[in-house]
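# Topology and contacts: notes
The lines below spell out each chain.
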Amino acid sequence: MAASACSMELLAELSLVVQALPPAAALVELKGAMRYHRADARRLGEVLRVRALSRLGVDVRVGIGPSITVAATASAQIPAPGGVLTIDPEQAAGWLGQLPVDALHGIGERQAAVLREYGIHYVGLLAATPAATIQRLLGGKAGRTAADRARGIDPRPVVPRTLPATATVRYVFDRHTLDGADVRAALLELVIRLGQLLRRREQAAQAVTLTLTFAGNSRWEKTRRLAEPSAHDDDLRLIAYQLMDAAGLQCGRLTRLALKGEDMLKRLRFRGCRPSSLLG
């Protein structure tokens, strides 16, 4: 599936195999996700679109196909503002064949111009042209890639994203504060936000760092490790309060707080995904 301008966190709710496709798209492996959610690929694409609209206020284009090339090409064919287009494996070759060559994902404007000059205006003609001819026109590697993708050959897997090794939440006071109650309330808000972020990412922190910024931009920072990896509010609150107590605040005028989870571990909800269908 290929979904442009979509939050990676929304995609991660559907599948753990998610790959960013800069600048504004992503790839998602759905084979394992379909088993887990007991839904077909199109249904998952529709769920993604509804969630993006309801949570982010944006529409997305969701292309679904048997390979990265087909899914990404399908996504680009959806008219604005968004929608879902599913290309079944048996339909892929015929569907690609009727498209202009510059619509094939991976074909740039310069390559498309060279192909059109040679009389190759559609993907179907590109697929029917001997690969050696395409290599002479576009160059060895680029020609082989273009010829293969026009024929629906694209063995690339979706490479799962690497989640950040840290997670940081921040609080900025409206004015310099000495009030212990206000500071504790702000710290508790950070604990809750950090816990939500970790659980949404399916991660657990093994250490927590508290950073205090004072008037004049001086800083105090300290890190403590948890007894065991956790994303639970109670565990995070205990370590955060211990860190605040260690700061020994008396007359410092605070301007900002930052709470950072570090040394993350991944907590999987389901396993066994292998490349097949693609979200994008």
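Definitions and limits used
- For every chain, the first residue of the written sequence is number 1, and numbering continues from 1 along that sequence.
- Local features in this predicted model are restricted to residues whose pLDDT is 70 or higher, and side-chain atom pairs enter the listing and the counts only when it is 80 or higher, whereas totals over whole chains, interfaces and linings include all residues.
- Calculation of side-chain values draws on the structure's entire complement of heavy atoms; hydrogens and water are dropped beforehand.
- Elements are defined by DSSP. Helices are runs of H or I of four residues or more, strands are runs of E of two residues or more, and each kind is numbered from the N terminus.
- Exposed residues in this analysis have more than 50% of their type's maximum accessible area, buried residues have under 20%, and partly exposed residues fall in between, with area computed by a 1.4 Å probe over protein chains only.
- In this description, contact between two residues means that some pair of their heavy atoms is separated by no more than 4.5 Å.
- Every accessible area reported is derived by Shrake-Rupley at a probe size of 1.4 Å, with residue values counting cover from the shown protein chains alone.
- What makes a salt bridge here is a side-chain nitrogen of Lys or Arg within 4 Å of a carboxyl oxygen of Asp or Glu, nothing more.
- Note on ring pairs: Phe, Tyr and Trp rings are taken, using the six-membered ring of Trp, and paired if centres are within 6.5 Å. Classes follow the plane angle, with under 30 degrees stacked, over 60 edge-to-face and the rest tilted.
- Two thresholds decide whether a charge sits over a ring: the Lys NZ or Arg CZ must be within 6 Å of the ring centre and within 35 degrees of the ring normal.
- Between N-to-C directions, angles span 0 to 180 degrees; the directions come from axes that are lines fitted to C-alpha atoms, helices contributing only their stretch in contact.
- When an angle is under 35 degrees it counts as roughly parallel; over 145 it counts as roughly antiparallel; between 65 and 115 it counts as roughly perpendicular; any other value is oblique.
- Here a crossing is taken to be left-handed if its near helix is turned anticlockwise relative to the far helix by less than a right angle, and right-handed if that turn runs clockwise.
- Throughout, the ten residues Ala, Val, Leu, Ile, Met, Phe, Trp, Tyr, Cys and Pro are labelled nonpolar, Asp, Glu, Lys and Arg are labelled charged, and all others, Gly among them, are labelled polar.
- Definition used in this section: a nonpolar core is a set of buried Ala, Val, Leu, Ile, Met, Phe, Trp, Tyr and Cys residues joined via side-chain atoms within 4.5 Å.
- A pair of strands counts as paired when DSSP detects no fewer than two bridges linking them.
- pLDDT expresses how confident the predictor is about each individual residue, on a scale running from 0 to 100.
- A 3.5 Å cut-off defines polar contacts: any pair of N or O atoms within that distance qualifies, except that in protein one atom must be a possible hydrogen donor and the other a possible acceptor, and neighbouring residues in sequence count only when both atoms are side-chain atoms.

From N to C terminus, the protein includes 11 helices and 11 strands. Residues counted as buried form 44% of the 280 residues belonging to the protein. If you take every contact in the protein between residues at least 6 apart in sequence, the share linking residues at least 24 apart comes to 65%. Of the roughly 14,300 Å² that the protein leaves accessible, carbon and sulfur atoms contribute 50%.

As a working rule, side chains carrying opposite charge can pair if their charged atoms are close by. Applying the stated criterion across every chain yields a total of 13 salt bridges. Two residues, Arg 193 and Glu 189, come together in a salt bridge whose shortest N-O distance is 3.6 Å. With Arg 193 and Glu 189 both in helix H10 (residues 180–201) and 4 residues apart, the pair spans about one turn of that helix. A relative accessible area of 31% places Arg 193 in the partly exposed class.

To continue, consider the packing of aromatic side chains. The full count for this structure, using the stated rule, is 1 aromatic pair. Lying across the ring of Tyr 241, Arg 184 places its NZ or CZ 4.8 Å from the centre.

To continue, consider the packing of H10 against helix H11 (residues 233–247). At a minimum axis separation of 9 Å, H10 and H11 run at an interaxial angle of 140 degrees. Between H10 and H11, the interaxial angle falls into the category oblique. Relative to H11, the crossing made by H10 is right-handed. Here Val 183, Arg 184, Leu 187, Leu 188, Val 191, Ile 192, Leu 194, Gly 195, Leu 198 and Arg 199 of H10 lie close against H11, whose contacting residues are Asp 233, Leu 236, Arg 237, Ala 240, Tyr 241, Met 244 and Asp 245. Residue composition of the contact of H10 with H11, by class: 11 nonpolar, 1 polar and 5 charged.

Moving on to the packing of helix H6 (residues 109–117) against helix H8 (residues 131–138). It is at 10 Å that the axes of H6 and H8 come closest, and there the two elements cross at 120 degrees. One element, H6, and the other, H8, form an angle in the oblique class. Seen along the crossing, H6 lies across H8 with a hand that is right-handed. Counting all contacts with H6, which are made through Gln 111, Val 114 and Leu 115, the residues of H8 involved are Ile 134, Leu 137 and Leu 138. Of the residues contributing to the contact of H6 with H8, the split by class is 5 nonpolar, 1 polar and no charged.

Moving on, we get to the nonpolar core. One finds Leu 198, Leu 212, Leu 257 and Leu 259 to be the most contacted residues of the largest nonpolar core, which totals 28 residues. Elements with a contribution of two residues or more to this core: strand S6 (167–177), H10, strand S7 (203–214), H11 and strand S9 (254–262). The element best represented in this core is H10, accounting for 8 residues. Excluding residues within four positions of it along the chain, Leu 198 makes contact with Ala 167, Gln 203, Ala 205, Ser 230, Ala 231, Leu 236 and Met 264. With 22 residues, the next largest nonpolar core counts Leu 104, Val 123, Ala 147 and Ala 150 among its residues.

Here we take up the pairing of strand S3 (residues 25–29). With 4 of 5 residues buried, S3 is to be regarded as a mostly interior element. Strand direction decides the pairing type here: strand S2 (residues 18–21) and S3, joined by 4 bridges, are antiparallel. The residue of S3 that forms the bridge with Ala 20 is Ala 26.

Taken over all residues, the pLDDT of the protein has a mean of 86, while the share at 70 or more is 89%. Within the protein, no element has a lower average pLDDT than strand S11 (residues 278–279), which sits at 38, and none a higher one than helix H7 (residues 123–128), at 97.

Right, let's get into the side chain of Asp 154. In this fold, Asp 154 is placed in the loop between helix H9 (140–150) and S6. At 2.7 Å, the side chain of Asp 154 forms a polar contact with the side chain of Thr 69. At 2.8 Å, the side chain of Asp 154 and the side chain of Arg 156 are in polar contact. Apart from the residues within four sequence positions on either side, Asp 154 is in contact with Ser 67, Ile 68, Thr 69 and Arg 149.

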